[in-house]
Amino acid sequence: MNVYIITGSSKGIGFELAKQLSGEGHFVIGIARTASKLDGVKFIEADLSETGNLESLMNEIIATTPQDTASFTLINNAGTVNPIGLIGTINAEEVSTAIALNLTAPMILSNAFMMKLKEFDGVKRIINISSGAGRNAYEGWGTYCTTKAGLDHFSRVVALEQENAKYPVDIVSIAPGIIDTGMQETIRGSKEEAFPLLEKFMDYKEKGLLSSAEQTAEKLISFMENVDFKTIDSITDLREY
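Everything numeric in this text was worked out from a predicted model, so none of it was measured.

## Notes on a negative patch on the surface
- Judged by side-chain charge, Glu-192, Glu-193, Glu-199 and Glu-206 come together as a negatively charged surface patch.
- With respect to the element layout, Glu-206 can be found in helix α6 (residues 198-206).
- A residue is classified by how much of its surface remains accessible, and Glu-206, at 62% relative accessible area, is exposed.

Here it is in structure tokens:
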């Protein structure tokens, strides 16, 4: 049995990953603020920006998985693009929430995942859903770019540390490309003074240049099933596969 733990599983890529992986017969646990109904998926309602309970949550999740589990995969997918705006204009509370959701939560969940499974000798993987925004600077996305850059660098550190682990965890931070999800709707609903690249992102939608969440999930599952994480850089882009 293969176990997948997916955050942000109520919509977008997370929902499609949960749907497709459960359809393949895997044991899937989805974590999101709002529960969704999918056959074969165990949904847990949790606000990941409230980080104080995340370690115990991960411990409880792993404790409920099947005894015959052959592999564990944590997919840190949940995230927010808000607040959108130039630094010097954005809301401090939104900055704090975004950092908690985009960076602190994946770090805590990954730490708890690795600690709980330290003596598990099967396959263990962490997939952090990153963004090109973590590797390039965009006006209006100061918080988003910073948190995704942090997620990338966190993944590098874990990959380095796991080289000497008895039962290592494989980790990648992967940018999935530009996808037609609720996040894109949020971006298109922003104001140009807050996000100078607004027109460009409007064009992506109008010209049909956005990938669907379904297509992206299919490609990500293929990546997980066919790519040996030990042979690639811990920072990668799904569009390269």
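## Details of the pattern of salt bridges
- Counted according to the given criterion, the structure contains 3 salt bridges.
- Here Asp-170 and Lys-230 are joined by a salt bridge, their closest N and O atoms 2.9 Å apart. Of this pair, Asp-170 sits in strand β6 (residues 170-175) while Lys-230 sits in the loop between α7 (213-226) and β7 (235-237), and the two are 60 residues apart along the sequence.
- For Asp-170, a relative accessible area of 15% gives the class buried.
- Classification of Lys-230 as exposed rests on a relative accessible area of 58%.
- The partner of Arg-239 in a salt bridge is Asp-237, with the nearest N and O atoms 2.9 Å apart.

## Considering α7
- Under the 1.5 Å per step criterion, the end-to-end length of α7 is 20 Å for 14 residues, consistent within 8% with the ideal 20 Å.
- When we look at burial in α7, the residues that qualify are Ala-213, Thr-216, Ala-217, Leu-220, Ile-221, Phe-223 and Met-224. One side of α7 holds all its buried residues, which, seen down the axis, span an arc of 155°.
- Where the residues of α7 are buried, they touch β1 (2-7), α1 (12-23), β4 (71-76), β5 (123-129), β6 and β7.

## A word on the nonpolar core
- Residues Ile-5, Leu-48, Met-58 and Phe-113 are the most contacted members of the largest nonpolar core, which totals 28 residues.
- Elements with a contribution of two residues or more to this core: β1, β2 (27-32), α2 (54-63), β4, α3 (92-116) and α4 (142-161).
- Not counting residues within four places of it along the chain, the set of residues in contact with Ile-5 comprises Ile-29, Ile-31, Met-58, Ile-61, Ile-62, Thr-73, Leu-74, Ile-75 and Phe-113.
- Membership of the second largest hydrophobic core comes to 25 residues, among which are Ile-6, Leu-21, Phe-43 and Ile-127.

## Concerning the packing of α1 against α7
- Interhelical geometry of α1 versus α7 gives an angle of 60° and a closest axis separation of 8 Å. Relative to α7, the element α1 lies oblique. Where α1 crosses over α7, the two elements pack in a sense that is right-handed. Taken together, the residues of α7 that come into contact with α1 (itself represented by Gly-12, Ile-13, Glu-16, Leu-17, Gln-20 and Leu-21) are Ala-213, Glu-214, Thr-216, Ala-217, Glu-218, Leu-220, Ile-221 and Met-224.
- In the contact of α1 with α7, the residues fall into 8 nonpolar, 3 polar and 3 charged.

## Notes on the side chain of Lys-148
- Within the secondary structure layout, Lys-148 lies in helix α4.
- Within the buried core, Lys-148 has no salt-bridge partner, and the shortest N-O distance to an opposite charge, that of Asp-152, equals 7.9 Å.
- In terms of polar contacts, Lys-148 uses its side chain to reach the backbone carbonyl oxygen of Ile-129, at 2.8 Å.
- Each residue touching Lys-148, except ones within four places of it in the same chain, is listed here: Ile-129, Ser-130, Ser-131 and Gly-134.

## Focus: the sheet that holds β2
- Here 7 strands make up an open sheet; going across it, the order is β3-β2-β1-β4-β5-β6-β7 and the pairing parallel. The open sheet is flanked by β3 (41-45) and β7, the only strands paired with a single partner. Adjacent strand axes in the sheet meet at a mean angle of 20° when their direction is disregarded.
- Where β6 meets β7, 3 bridges bridge the pair, whose relative direction is parallel.

## What about the packing of aromatic side chains?
- Tallying each qualifying case throughout the model produces 6 aromatic pairs.
- Their ring planes at 85° and their centres at 5.0 Å tell us that Phe-72 and Phe-120 sit as a pair that is edge-to-face. A residue pair is termed long-range when its members are at least 10 positions apart, and Phe-72 in strand β4 and Phe-120 in the loop between α3 and β5 qualify at 48 residues. For the pair Phe-72 and Phe-120, a shared accessibility class is recorded, and that class is buried.
- Here Tyr-138 and Trp-141 contribute two aromatic rings whose centre-to-centre distance is 5.7 Å and whose plane-to-plane angle is 75°, an arrangement assigned as edge-to-face.
- Of the residues examined, Tyr-138 reaches a relative accessible area of 28% and is grouped as partly exposed.
- Classification of Trp-141 by relative accessible area gives buried; the value is 5%.
- Taken together through their ring pairs, the aromatic side chains of Tyr-138, Trp-141, Tyr-144 and Phe-195 make up a single cluster.

Rules used in this analysis
- Residues numbered from 1 in each chain as written.
- Predicted model: local features only at pLDDT ≥ 70, side-chain atom pairs only at ≥ 80, totals over all residues.
- Heavy atoms only, no water.
- Patch = residues over 30% accessible without salt bridge, like charges linked within 9 Å, V, L, I, M, F, W, Y side chains within 5 Å.
- Areas by Shrake-Rupley, 256 points an atom, 1.4 Å probe, with all protein chains shown as cover.
- Salt bridge = Lys/Arg side-chain N within 4 Å of Asp/Glu carboxyl O.
- Lys, Arg positive; Asp, Glu negative; His and termini not counted.
- Charge placed at Lys NZ, Arg CZ, Asp CG, Glu CD.
- Helix = DSSP H or I, 4+ residues; strand = E, 2+ residues; numbered from the N terminus.
- Buried < 20%, exposed > 50% of the residue type's maximum accessible area, 1.4 Å probe, protein only.
- Expected span 1.5 Å × (residues − 1).
- Arc of directions from axis to C-beta.
- Contact = heavy atoms within 4.5 Å.
- Core = buried A, V, L, I, M, F, W, Y, C linked by side-chain atoms within 4.5 Å.
- Axes fitted to C-alpha atoms, helices over the stretch in contact; angles between N-to-C directions.
- Parallel < 35°, antiparallel > 145°, perpendicular 65-115°, else oblique.
- Left-handed = near helix turned anticlockwise from the far one by under 90°.
- Nonpolar A, V, L, I, M, F, W, Y, C, P; charged D, E, K, R; others polar.
- Polar contact = N/O pair within 3.5 Å; in protein donor to acceptor, adjacent residues only side chain to side chain.
- Pairing = 2+ DSSP bridges.
- Phe/Tyr/Trp six-rings, centres within 6.5 Å; stacked < 30°, edge-to-face > 60°.

By themselves, these observations are geometric and do not establish any function.
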